[in-house]
Amino acid sequence: MADAGNWCLIESDPGVFTEMIRGFGVKGVEVEELLALDPSFYTEMEPIHGLIFLFKYTASQRPEGIASPAEPIFFAQQVIQNACATQALVNILLNIDDVSSKHIQLGETLTEFKEFCGEFDPASRGLCLSNSEPIRTVHNSFARQQLFELDMKGGKEEDNYHFVCYLPINGKIYELDGLQEAPYMVGEVLEGVNWMEIVAPVIQKKMQRRHNYLPLIVEMLRTLAREGKLVPLVEQALESAEKKRKTREGSEKAKAKCRNYLILLYNKAH
């Protein structure tokens, strides 16, 4: 994979991703955080056009499903570091069709990008994305100094985190992972069944491959409680969450009009 060059690390936050989408010129869609794959957590967020899954990447990681290189899907490979979040967003947005999108507008930047490289192979599309000045400028406007989005394919001992996306296309559900050479078909959309229910077992399988650190976490919480540090930490976290909520409400005046969603699902604890 090429050097990160002028692509910066960014914060993995649904509010940031929503603002990035707007920076690209896209209207009518936003990113929301999903705490669990149970339907009760997402039934009010419809329609859902794609799911972005953040997880700890290992060199032994294998894609799910069946490789589908010949399918008419916009898929750009990741050829540069630090861009996997933007890669996932672009791969979803450029596969939203006119019928299901309702009031989504891609805007000039992504429309021109798709028209320019839509007929290229995935690697060439990835090169076009890495060299897109408008997309890179928006990406870098959300740069942070201390972050965990290190999406290299092996080579270092640090924890590397990576984004993949899942979305329904023409009656099938695909995993789009920029580190792979092609999209992977992981299921089919069934009549009367929410596609999120079909993709849930695929993601849960990825989660189960991680080590279980729950006993360690519980012991850490007990230690913090004994030392009188747990309550202040919880209060600090609640205060921070409340500040983020107020900031998001103030900056997203158009949210009430938006009824299209992308979902960000975390698996950072493993």
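If you're wondering where the values come from, they're calculated on a predicted model, not measured in any experiment. (Residues numbered from 1 in each chain as written. Predicted model: local features only at pLDDT ≥ 70, side-chain atom pairs only at ≥ 80, totals over all residues. Heavy atoms only, no water.)

Novice: Could you give an account of the overall build of the protein chain, naming the residues involved and the relevant values?
Specialist: When helices and strands are tallied, the protein chain shows nine helices and seven strands. Counting every atom, the protein chain has about 14400 Å² of accessible surface; 53% of that belongs to carbon and sulfur. (Helix = DSSP H or I, 4+ residues; strand = E, 2+ residues; numbered from the N terminus. Areas by Shrake-Rupley, 256 points an atom, 1.4 Å probe, with all protein chains shown as cover.)

Novice: Summarise the packing of helix α4 (residues 107-117) against helix α5 (residues 122-130); cite the residues concerned and give the values.
Specialist: At a minimum axis distance of 10 Å, the contact between α4 and α5 shows a crossing angle of 145 degrees. Handedness of the crossing formed by α4 with α5: right-handed. When α4 is examined against α5, the residues F113, F116 and C117 are found in contact with a partner set consisting of R125, C128 and L129. A class-by-class count of the residues in the contact of α4 with α5 yields five nonpolar, no polar and one charged. (Axes fitted to C-alpha atoms, helices over the stretch in contact; angles between N-to-C directions. Left-handed = near helix turned anticlockwise from the far one by under 90°. Contact = heavy atoms within 4.5 Å. Nonpolar A, V, L, I, M, F, W, Y, C, P; charged D, E, K, R; others polar.)

Novice: I'd like a rundown of the packing of aromatic side chains, residues and numbers included.
Specialist: The full count for this structure, using the stated rule, is three aromatic pairs. Where F116 meets F120, the ring centres are 5.6 Å apart and the plane angle is 75 degrees; that geometry is what we call edge-to-face. On the basis of relative accessibility, which here comes to 56%, the residue F116 falls in the exposed class. Since its relative accessible area comes to 33%, F120 is described here as partly exposed. Between the NZ or CZ atom of R125 and the centre of the ring of F74, over which it lies, the distance is 4.8 Å. (Phe/Tyr/Trp six-rings, centres within 6.5 Å; stacked < 30°, edge-to-face > 60°. Buried < 20%, exposed > 50% of the residue type's maximum accessible area, 1.4 Å probe, protein only. Lys NZ or Arg CZ within 6 Å of the ring centre and 35° of its normal.)

Novice: Explain α4 to me, using residue names and the numbers behind them.
Specialist: Those residues of α4 that fall on the buried side of the exposure criterion are L110, F113 and C117. Within α4, the buried residues cover an arc of 60 degrees as seen down the axis, which keeps them to one side. For α4, the exposed residues lying more than 90 degrees away from the buried face are E108 and E115. Among the structural elements, α2 (84-93), α5 and α6 (133-140) are those in contact with the buried residues of α4. (Arc of directions from axis to C-beta.)

Novice: So what about the environment of M185? Which residues, and what values?
Specialist: Structurally, the position occupied by M185 is in strand β6 (residues 184-188). Since its relative accessible area comes to 16%, M185 is described here as buried. As for M185 and E71, which are separated by 114 residues in sequence, their C-alpha atoms are 9.6 Å apart. With residues near it in sequence (within four places) discarded, M185 still touches G65, I66, S68, K172, I173 and Y174.

Novice: Any chance you could break down empty space enclosed by the protein for me, citing the residues and the numbers?
Specialist: Evaluation of the coordinates by the stated rule reveals one cavity of 30 Å³ or more. Along the walls of the largest cavity sit Q78, C84, Q87, A88, N91, H162, F163, V164, C165, L176 and G178, which together make up its complete lining. Classifying every residue of the lining of the largest cavity by side-chain character gives six nonpolar, five polar and no charged. (1 Å grid on protein atoms, 1.4 Å probe; cavity = no way out; pocket = protein on both sides within 12 Å on 5 of 7 lines; lining within 4 Å. Points joined across faces, edges and corners; volume = space filled by probe spheres on them.)

Novice: Describe the packing of helix α1 (residues 14-23) against α2, and please don't skip the residues or the numbers.
Specialist: Packed helices, taken two at a time, are described by the angle between their axes plus the distance between the axes. Where α1 meets α2, the axes come as close as 11 Å, and the angle between the chain directions of the two elements is 60 degrees. As summarised for this structure, α1 and α2 are arranged oblique, according to the angle between their axes. Here α1 and α2 pass one another in a crossing that is right-handed. For the pair α1 and α2, the contacting residues are F17, M20 and I21 in the first and A85, T86, L89 and L93 in the second. Tallied by class, residues from the contact of α1 with α2 come to six nonpolar, one polar and no charged. (Parallel < 35°, antiparallel > 145°, perpendicular 65-115°, else oblique.)

Novice: Could you give me a rundown of the side chain of S68, with the residues and numbers involved?
Specialist: Here S68 is to be found in the loop between β3 (66-67) and α2. Residue class for S68 comes out buried when judged on its relative accessible area of 11%. Within polar-contact distance, the side chain of S68 engages the backbone oxygen of I66 at 3.0 Å. Dropping the residues within four chain positions of it, S68 is found in contact with Y174, A182, P183 and M185. (Polar contact = N/O pair within 3.5 Å; in protein donor to acceptor, adjacent residues only side chain to side chain.)

Novice: Quick rundown of the nonpolar core? Include the residues and the values.
Specialist: Of all hydrophobic cores here, the largest spans 44 residues; its most connected members are F17, M20, V26, L110, F113 and F163. For L110, the residues in contact, after removing those within four places along its chain, are F24, V26, V90, L93, L94 and I135. With 22 residues, the next largest nonpolar core counts L51, F53, Y57 and L179 among its residues. (Core = buried A, V, L, I, M, F, W, Y, C linked by side-chain atoms within 4.5 Å.)

Novice: Give me the lowdown on α2, citing residues and values where you can.
Specialist: Here α2 lies mainly inside the structure; 10 of its 10 residues are buried. Of the residues making up α2, those classed as buried are C84, A85, T86, Q87, A88, L89, V90, N91, I92 and L93.

Novice: Pulling in residues and values, what's your account of the environment of W7?
Specialist: For W7, the location among the structural elements is in the segment before α1. Along the backbone, W7 and T137 are 130 residues apart, and their C-alpha atoms lie at a distance of 8.7 Å. Discounting chain neighbours no more than four positions away, the residues touching W7 are I80, Q81, N82, A83, T86, L129, S130, I135, R136, H139 and N140. In this structure the side chain of W7 is engaged in a polar contact, spanning 3.0 Å, whose partner is the backbone oxygen of S130.

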